[in-house]
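So you can see what is in the structure, the chains are spelled out below.
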Amino acid sequence: MLLKKTLLIAALLSPSLFASAHEYSAGELHIEHPWSREMPPVAPTAAAYFVVHNKGAEADRLVSVATPVAGKAEMHEHLHADGLMKMQQVQSVAIPAGGEVKFEPMGYHVMLFNLKQQAKDGERFPLTLTFEKAGAVEVEITVQKDAPAQEAAHH
Ligand SMILES: [Cu+2]
C-alpha cells in the first residue's frame, strides 16, 4: 500500500516541473533530454531515447514504460548475434547507484508500436517511466530529425 501511495505522489508532483529545461526528476533519478527521431508517416513504430542518472546510494530499476500515443510501448535492447544486430524486449533495466544508463540508438530504447500517427519534427508527446523505487515520472519526448548533440559540457 505504501508503495502505491508513493507512486501516486510521484506521479502527481513530477510532471512538467522541470519541463522548460527538458530534464525531469523522480527521487534521486534525473532523466535528461528525452527524444525520438522523426519517422516517415507510414512507419509502424518509433523509438524513444533518454539518459537516466542515479544520484542516490541505492540502485533502482526501470520497470515499465507507457504512452497514450502508441498501442504498446516496450523496453528493448540491441544485441549482436551471428554478425547481425537484433533487438529484443527486456522486462526491466537496472539503474546502478551513482551511475547512469543511456537509452540511445543501437542501445537500450523504448519501442513504440501501433502508433496512432507519427509525430513530426518539433512535436512532443508524453511518456511515463515507472521505476521500482523512485516511482512514476511523466516526461515529454521531443521529436527531432537528428540525434541531439552530446551534452559534453553539461556535467
Ligand atoms: Cu526496438
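Residues numbered from 1 in each chain as written. Predicted model: local features only at pLDDT ≥ 70, side-chain atom pairs only at ≥ 80, totals over all residues. Heavy atoms only, no water.

- The name recorded for the protein in an unreviewed UniProt entry is Copper chaperone PCu(A)C, from Pseudomonas leptonychotis.

**A closer look at the coordination of the copper ion**
Phase 1: For the copper ion, the full set of protein donor atoms is His76 (ND1), Met87 (SD), His109 (NE2) and Met111 (SD), at a range of 2.1 to 2.2 Å.
Phase 2: Considered as a linear motif, the donors of the copper ion on their single chain read H-x10-M-x21-H-x1-M. You can see methionine 87 sitting in strand 6 (residues 84-90) and its partner methionine 111 sitting in strand 9 (residues 109-115), a full 24 residues away along the chain.
Phase 3: Here methionine 111 falls in the buried class, since its relative accessible area comes to 7%. (Donors = N, O, S within 2.8 Å, 3.2 Å for Na, K, Ca; no water. Helix = DSSP H or I, 4+ residues; strand = E, 2+ residues; numbered from the N terminus. Buried < 20%, exposed > 50% of the residue type's maximum accessible area, 1.4 Å probe, protein only.)

**So, the pairing of strand 2 (residues 29-37)**
Phase 1: Within strand 2, seven of the nine residues are buried, which leaves the element mostly enclosed by the surrounding structure.
Phase 2: As paired elements, strand 1 (residues 23-26) and strand 2 share four bridges and run antiparallel to each other. Across the sheet, the residue bridging to glutamate 23 is glutamate 32, located in strand 2.
Phase 3: In this antiparallel pair of consecutive strands, strand 1 and strand 2, the connection spans two residues, and glycine 27 shows a positive phi of 60 degrees.
Phase 4: By the bridge criterion, six bridges tie strand 2 to strand 3 (residues 46-54) in an arrangement that is antiparallel. When the bridges of strand 3 are listed, glutamate 32 appears paired with valine 51.
Phase 5: Where strand 2 and strand 11 (residues 135-144) come together, three bridges link them in parallel fashion. The residue bridging arginine 37 from the neighbouring strand is glutamine 144, located in strand 11. (Pairing = 2+ DSSP bridges.)

**Describing the pairing of strand 10 (residues 124-131)**
Phase 1: Bridge count for strand 4 (residues 60-66) against strand 10 is four bridges, and the pairing is antiparallel. Bridging from a neighbouring strand, valine 65 pairs with leucine 129 of strand 10.
Phase 2: Of the strand pairs in this sheet, strand 10 and strand 11 are connected by eight bridges, and their pairing is antiparallel. The residue of strand 11 that forms the bridge with proline 126 is glutamate 140.
Phase 3: The antiparallel hairpin formed by strand 10 and strand 11 contains three residues in its connecting segment.

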